[in-house]
Amino acid sequence: KVQPLRLRADLEIGAALYKKGCARCHGQTGLGQGIFPALAGQYSDYTFAQMTDFKEGNREKHSIMRDVTEGFKNDDLKLIADYLAGLK
């Protein structure tokens, strides 16, 4: 019983973090908008890897994503990635 409650709490935290830092560009539902790609339904590990690559400067060093991801701990990025993986 504890694991599902923890999973639900983690997804709620991931949703809140997504809305705080990502939704403005990628849309409230993660389906993308304009030049910003859809993130909903992507594999969690893929999304997490992309976000950490931006954060660490391994992808487009002058991207707004670098600035956005710098504001999050890696644990937060994982929660966001897990939340996005569950969206369709």
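Above this text is the structure in question.
Counting restarts for each chain: residues are numbered from 1 in the order of the written sequence. Restriction of local features to residues with pLDDT of at least 70 applies here, the model being predicted, together with a cutoff of 80 or more for giving and counting side-chain atom pairs; totals for whole chains, interfaces and linings are based on all residues. As a rule here, side-chain values cover all heavy atoms of the structure and leave hydrogens and water aside.

Please clarify how the packing of aromatic side chains should be interpreted in this entry.
Each pair of aromatic rings is reported with the distance of its centres and the angle of its planes. When two rings of Phe, Tyr or Trp (its six-membered ring) have centres within 6.5 Å they constitute a pair, described as stacked for plane angles under 30 degrees, edge-to-face for angles over 60, and tilted for the intermediate range. Taken as a whole and assessed by the stated rule, the structure comprises one aromatic pair. Measuring from centroid to centroid gives 5.9 Å for Tyr18 and Tyr83, while their planes differ by 45 degrees, and the two rings are tilted. Within this pair, whereas Tyr18 is found in helix H1 (residues 2-21), its partner Tyr83 is found in helix H5 (residues 74-85), the two being separated by 65 residues in sequence. Owing to a relative accessible area of 0%, Tyr18 belongs among the buried residues under this scheme. Only DSSP runs of H or I with at least four residues qualify as helices, and only runs of E with at least two residues qualify as strands; both kinds are numbered from the N terminus onward. Only protein chains enter the calculation, and the probe is 1.4 Å; a residue is then buried if its accessible area is under 20% of its type maximum, exposed if over 50%, and partly exposed in between.

Just to check I follow, could you spell out the nonpolar core for this structure?
Where a protein is soluble and globular, its nonpolar side chains tend to be buried together. By nonpolar core is meant a set of buried Ala, Val, Leu, Ile, Met, Phe, Trp, Tyr and Cys residues that side-chain atoms within 4.5 Å join together. Counting 18 residues, the largest nonpolar core has Tyr18, Met51, Ile80, Tyr83 and Leu84 as its most contacted members. Secondary-structure elements contributing two or more residues to this core are H1, helix H3 (44-55) and H5. With six residues, the top contributor of residues to this core is H5. What makes two residues a contact is simply this: any of their non-hydrogen atoms within 4.5 Å. Each residue touching Tyr83, except ones within four places of it in the same chain, is listed here: Leu11, Gly14, Ala15, Tyr18 and Lys19.

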